[in-house]
Structure formats: C-alpha cells, structure tokens
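Residues per chain, in single letters:
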Amino acid sequence: MNPDPALYSLNCGAQKSWAHEILGKTSLLQECYPNVVDIGCGTGEVTNIISEKLPGVKNIIAYDKVPGMVEFAQAHNPNERIHYTVADAEKPETMKEEWTGLFNMATSFIVLHWIKDQTIALAEIHKILAPGGEFLLVLGQRAPPAFVEIGPKITEYPRWNKYLKDFVPPWRHTPGWEKHNKWRKHPVDGYTDLALQADLKVKVVKLVDLDYVFPSDERCSGMIETLLPHTMAIPKELMADFMKDALAIFKEHCPKSSNGRPIWSAGFLWIHGWKPKKTSWCQIV
C-alpha cells in the first residue's frame, strides 16, 4: 500500500462508502459507545464516519502505525471527539497502559489483513476492551480480479518489464507469513478460532462482497495507485504513464455500471463480537 496520506485521502471513496454500509447493517449490542478505539485509522475519514454512526460516542482514540497518516488526519480531519495517535496493532509496546479495559467498541476497517500475526492484534483488542465491549472488524479477503490482473499483465509490457521482472510484493514474503496465515484458507472458521483463542466471543463472522462505482477514471486510477505494490518499483517521473497503462488493464477486465463507470468489486471478512464479562463469585454461589 502506498503510504502517501494525501493520495490515500483523495482516493478513499470506496472505504468511506463501505464503512457507511457496514455500520448501517450491524446489529449493535449496546445502546451507546462512549469510548471507541479505531485501529488503523489512516487519514481519519472513516473514523469520522464512525463518530457519526455509532450512538453515544464521546471519545475515540484513533491510531495508525504510519506517523504521516496520523499527522494528515490531525490536520485535515479534526474532530473534537477524536484523538489521533501513533501505535501499531502488532507491537503491544506501542499501546498505552491507560487504554487497558477502557473501550466499549474497537473498530478496524480494511486494515488488519495487512498484519502478519492476527493473534497479537486480537490479544490487544481483548486487553483494551472493557468487559462486554464489542469489536467490529473488516478484513480484505479477495481483491477484484481486474486488479489482480494488473501486476502480471503490466510486467509483460516492454517499457515496464525492466522495473518489474524481479519485483515481489514485500509483505507476502516476510518471515513467518505462511505460518501465521493458515486461517486464510478457511477464513470464517479460521478467524472464529483465532477470536475464541483470544477469549473473545463472536456474533457474526461472514464473507461479504462489496462494490464501489467510481465517479471518474481519475478516482479509479487513484485507488489503483494507492494499493498496487508494483508502483514501488516505478520511477516517479514515469508514474503517470505507468498508471495510464494500469488503469487501461483494470478497465478492460472490471465490471461496469449502467453508464460505463468502472466498478471495484471485492470480498471482505466481516467480524462482529464482544469481550465476555467475567462471572462473579456471587453468581457462582
């Protein structure tokens, strides 16, 4: 993923649309959520949607591991109920001790699939949730087939082959990736097991397909540039030409709306659950 916050902010229309849709369809368990944590907040657009859609929100801690994203959110998406900060869901030492048991809801929209070891992230979610607190997670599960086509096809172009012939996306080849991601072969059962191992209860775990119709080719190209790892290998002065070719490949293979606009059609894993309340001794007696 391209870490440029301005590029991401300009082209996150799909993420905002899907956040509205998922929050609107989630059957919440509580009447209000005074303290919320948003994991992987990016540039803050979705966090602001969360502040509007969840009832009774008074305070949101929104964190991202990329300082530039947090700085952009602070400057461009301020909200008196949101405090943006830097932390990493895979590094418990970056979590603040005062967050322990604080939150009534933990959200993460289309972020956690980038994480190698989900058990670390889920353990932290359990730690920072109050008893009875909920979590609502959306993980990327299936990229649009048209997007998947771009990498191998554009590598065959003579102009780009010299930059891409030896390129491999870095995160898929980090040590331990396969070991920690066996759950992805059977994501519903696999992620349910991971949540239960973290002492979290699951209300909903399901695969969903979500579509987004781009308002323009420019926004479609921007989304591709944000997410296509191959851009890492292309010189900046050639990026505009590279993106023209990438967009053409995507449009050749993607579904279209009735007025011919390109559609981003992807699959996601939607998880909603809660941290159980501990049984008291008086209840046992």
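Right above here is the structure, for reference.
Here the structure is a predicted model, which is why all the values come from computation and not from measurement.

Within the chain one finds 12 helices and 7 strands. Its C-alpha atoms give the chain a radius of gyration of 20 Å, within 12% of the compact-globule value 19 Å for 285 residues. The buried share among the 285 residues of the chain stands at 51%. Nonlocal contacts in the chain, meaning residues at least 24 apart in sequence, comprise 78% of its contacts between residues at least 6 apart. When the accessible surface of the chain is summed, it comes to about 13,800 Å², and 54% of that surface belongs to carbon and sulfur atoms. Side-chain charges of the chain comprise 32 positive and 33 negative groups, with the mean position of each set lying 3 Å from the other.

Moving on: the nonpolar core. In terms of nonpolar packing, the biggest core is built from 54 residues, with Trp18, Phe109, Ile150, Ile224, Phe242, Phe250 and Trp264 touching the most fellow members. With residues near it in sequence (within four places) discarded, isoleucine 150 still touches Ile224, Leu228, Ala246, Ile249 and Phe250. In terms of nonpolar packing, the next biggest core, distinct from the first, is built from 29 residues, Val37, Leu122, Trp183 and Leu200 among them.

Contact pair helix 6 (residues 145–155) / helix 11 (residues 239–253): the axes reach a minimum separation of 8 Å and the direction vectors enclose 130°. Classified by the interaxial angle, the pair formed by helix 6 and helix 11 is oblique. As helix 6 runs across helix 11, the sense of the crossing is right-handed. Residues Ala146, Phe147, Glu149, Ile150, Lys153 and Ile154 of helix 6 form the contact with helix 11, whose participating residues are Phe242, Asp245, Ala246, Ile249, Phe250 and His253.

For side chains of opposite charge, pairing can occur when their charged atoms come near one another. Under the definition given, this model contains 7 salt bridges. Of the charged contacts, one joins aspartate 217 and lysine 251 as a salt bridge, the two residues approaching to 2.7 Å between their closest N and O atoms. With aspartate 217 in helix 10 (residues 217–227) and lysine 251 in helix 11, the pair connects residues that are 34 residues apart, well separated along the chain. On the basis of relative accessibility, which here comes to 26%, the residue lysine 251 falls in the partly exposed class. Through salt bridges with shared partners, a single ionic network connects Asp217, Lys251 and Arg261.

This brings us to the side chain of threonine 26. If you trace the backbone, threonine 26 turns up in the loop between helix 2 (13–25) and strand 1 (35–39). At 2.7 Å, the side chain of threonine 26 and the backbone oxygen of isoleucine 22 are in polar contact.

So, on to the packing of helix 10 against helix 11. Packed helices, taken two at a time, are described by the angle between their axes plus the distance between the axes. Helix 11 packs onto helix 10 with a crossing angle of 105° between their chain directions and a minimal axis gap of 10 Å. With respect to helix 11, the axis of helix 10 lies roughly perpendicular. From helix 10, Asp217, Cys220, Ser221, Ile224 and Glu225 reach across to helix 11, where they touch Met239, Met243, Ala246, Leu247, Phe250 and Lys251. Class assignment of the residues belonging to the contact of helix 10 with helix 11 gives a composition of 7 nonpolar, 1 polar and 3 charged.

Cut-offs applied
- Residues numbered from 1 in each chain as written.
- Predicted model: local features only at pLDDT ≥ 70, side-chain atom pairs only at ≥ 80, totals over all residues.
- Heavy atoms only, no water.
- Helix = DSSP H or I, 4+ residues; strand = E, 2+ residues; numbered from the N terminus.
- Rg over C-alpha atoms; globule rule 2.2 N^0.38 Å.
- Buried < 20%, exposed > 50% of the residue type's maximum accessible area, 1.4 Å probe, protein only.
- Contact = heavy atoms within 4.5 Å.
- Areas by Shrake-Rupley, 256 points an atom, 1.4 Å probe, with all protein chains shown as cover.
- Lys, Arg positive; Asp, Glu negative; His and termini not counted.
- Charge placed at Lys NZ, Arg CZ, Asp CG, Glu CD.
- Core = buried A, V, L, I, M, F, W, Y, C linked by side-chain atoms within 4.5 Å.
- Axes fitted to C-alpha atoms, helices over the stretch in contact; angles between N-to-C directions.
- Parallel < 35°, antiparallel > 145°, perpendicular 65-115°, else oblique.
- Left-handed = near helix turned anticlockwise from the far one by under 90°.
- Salt bridge = Lys/Arg side-chain N within 4 Å of Asp/Glu carboxyl O.
- Polar contact = N/O pair within 3.5 Å; in protein donor to acceptor, adjacent residues only side chain to side chain.
- Nonpolar A, V, L, I, M, F, W, Y, C, P; charged D, E, K, R; others polar.

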